[in-house]
Amino acid sequence: MAIVGRPSGFGIFDEMTDLMQRAYILGWPVKHSRSPKIHGYWLKQLGLEGSYELCETPPDTLADTVAVLKAQGFAGANVTVPHKEAIFALCDTVTSQAKSVGAVNTLWLEGGILHGDNTDLYGFSQNLTDFAPQWQSGKTAMVLGAGGAARAILYALVQNKYDKILLVNRNLERAQKLAALWPDQVTPLDWAVAQTRLKETDLLINATSLGMHGQPPLLIDLASANPTLIVNDIVYVPMQTNLLKQAKDRGLTAIDGLGMLLNQAVPGFSRWFGHTPQVTPELRMLIARDIPE
Ligand code: ATR
């Protein structure tokens, strides 16, 4: 890949001197991201000459940063909070799934064209496929939460032919707005009635921040759940949330959120470095070691 021009004044980018494939994570703040460790593990495991670095990107510098990276011929980047929507306008083209989800989390440069995609859908689906492949034959799902994460999950569920999706959120109006994107499949519901609908649910997903370290607990009683219910928490700090502990105690299938984080990284790595990496038990352990209980 040719490096075309290198405007100065952008810190780490000034030091680029070779043609190595370089990828970044753009966010603000971003220093706690686990992505460099994930991609670093794969680069080492596959013996590839590439790099993946943190790039602290305050909102008012996003456009300039992307312009510099494009000019230098970077391989691509992950994009995280708060840029997942703003980055749309800076992409030359985005995938249909990124459009449906309303967010881009992965960029790659090909022939000078900057592409944007959303790989959270893949991460979510693959995590379930790895640990509960039967999820693909479920019909009814309950999603708790109506933010950006919930939107990606709803799209994945619709793609996977879930024909009844109960969307539960504290702010019902927000759930109603989101449900309107897929009105045939998604029904918005008040939190107060969620519990009573558990017996008809095949798959329950927590897509709120409840249960995360520093946040209030998620209060839901799984006593009335269908015994084959699959419970997935996208929260992974801590990995064993109270929701997952309760699911396990009741003999239900419980899937943590770490696999979604690891799997959403796979498509980007493949594009940037030309090899499809594996989410191995060793990688899970490496990342899990750093997650507080
Ligand atoms: P993300 O992009 O990670 O989905 P978000 O858009 O901020 O983040 O969404 C956070 C979700 O967690 C929302 O569904 C939010 O509910 P509201 O829409 O009612 O705000 C939910 N959430 C956060 N704190 C909550 C709390 N204390 N009780 C109930 N739901 C909460």
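Residues numbered from 1 in each chain as written. Predicted model: local features only at pLDDT ≥ 70, side-chain atom pairs only at ≥ 80, totals over all residues. Heavy atoms only, no water.

A. Highlighting the domain arrangement of the protein. Taken domain by domain, the protein holds domain 1 (10-118 + 260-289) and domain 2 (122-256). For domain 1 and domain 2, the distance between their C-alpha centres works out to 27 Å. Carbon and sulfur atoms make up 62% of the surface buried where domain 1 meets domain 2, a total of about 1,300 Å² over both sides. Inspection of the region where domain 1 meets domain 2 yields one salt bridge. A salt bridge links D256 to R284; the shortest N-O distance between them is 2.9 Å. Counting every contact that joins domain 1 to domain 2 gives three residue pairs in polar contact (both at pLDDT 80 or more). Among the secondary structure elements, those contributing two or more residues to the side of domain 1 that touches domain 2 are helix 3 (96-101), helix 9 (258-264), helix 10 (266-273) and helix 11 (281-288). Residue composition of the side of domain 1 that touches domain 2, by class: six nonpolar, five polar and three charged. (Domains from an automatic or database assignment. Buried area = accessible area lost by both parts, 1.4 Å probe. Salt bridge = Lys/Arg side-chain N within 4 Å of Asp/Glu carboxyl O. Polar contact = N/O pair within 3.5 Å; in protein donor to acceptor, adjacent residues only side chain to side chain. Helix = DSSP H or I, 4+ residues; strand = E, 2+ residues; numbered from the N terminus. Nonpolar A, V, L, I, M, F, W, Y, C, P; charged D, E, K, R; others polar.)

B. Inspection of the site of the ligand at higher detail. Close contacts around the ligand come from 13 residues, with A146, N169, R170, N171 and R174 the closest. A146 places a polar main-chain atom, nitrogen or oxygen, 2.9 Å from an oxygen atom of the ligand. Contacts to the ligand include N171, whose backbone N or O atom sits 2.9 Å from an oxygen atom. Summarising the interface, the protein chains cover 67% of the accessible area of the ligand, which totals 640 Å² for the free molecule. (Near = heavy atom within 4 Å. Areas by Shrake-Rupley, 256 points an atom, 1.4 Å probe, with all protein chains shown as cover.)

C. Layout of the sheet that holds strand 9 (residues 186-190). With respect to topology, six strands assemble into an open sheet ordered 9-8-7-10-11-12, the strand pairing being parallel. In this open sheet, the two strands that pair with only one neighbour each are strand 9 and strand 12 (253-255). The sheet shows a mean angle of 20 degrees between the axes of neighbouring strands, direction not considered. Relative to the sheet, helix 8 (residues 242-249) contacts strand 10 (203-206), strand 11 (230-233) and strand 12, its axis offset from that of strand 11 by approximately 160 degrees. (Pairing = 2+ DSSP bridges. Axes fitted to C-alpha atoms, helices over the stretch in contact; angles between N-to-C directions. Contact = heavy atoms within 4.5 Å.)

D. Region of the structure containing the packing of aromatic side chains. Counting across every chain of the model gives seven aromatic pairs. Ring centres 6.1 Å apart and planes at 15 degrees place the aromatic pair W135 and Y162 in the stacked group. Of this pair, W135 sits in the loop between helix 4 (120-131) and strand 7 (140-144) while Y162 sits in the loop between helix 5 (148-159) and strand 8 (164-169), and the two are 27 residues apart along the sequence. With 4.8 Å between their ring centres and 55 degrees between their planes, F269 and F273 make a pair best called tilted. Pair noted here: F269 and F273 are both in helix 10, with a separation of four residues, about one helical turn. The pair F269 / F273 is uniform in exposure class, with both members buried. Grouping aromatic residues by their ring pairs yields a cluster made of W42, Y52, F269, W272 and F273. Positioned above the aromatic ring of W108, the side-chain terminus of R271 is 3.8 Å from the ring centre. (Phe/Tyr/Trp six-rings, centres within 6.5 Å; stacked < 30°, edge-to-face > 60°. Buried < 20%, exposed > 50% of the residue type's maximum accessible area, 1.4 Å probe, protein only. Lys NZ or Arg CZ within 6 Å of the ring centre and 35° of its normal.)

E. Helix 2 (residues 62-72), seen in detail. Taken together, the buried positions of helix 2 are occupied by L62, T65, V66, V68, L69 and Q72. For helix 2, the angular spread of the buried residues around the axis is 160 degrees, confining them to a single face. The elements touched by buried residues of helix 2 are strand 1 (21-27), strand 2 (50-56) and strand 6 (113-117). Directly after helix 2, the chain includes G73, whose backbone phi takes a positive value near 75 degrees. (Arc of directions from axis to C-beta.)

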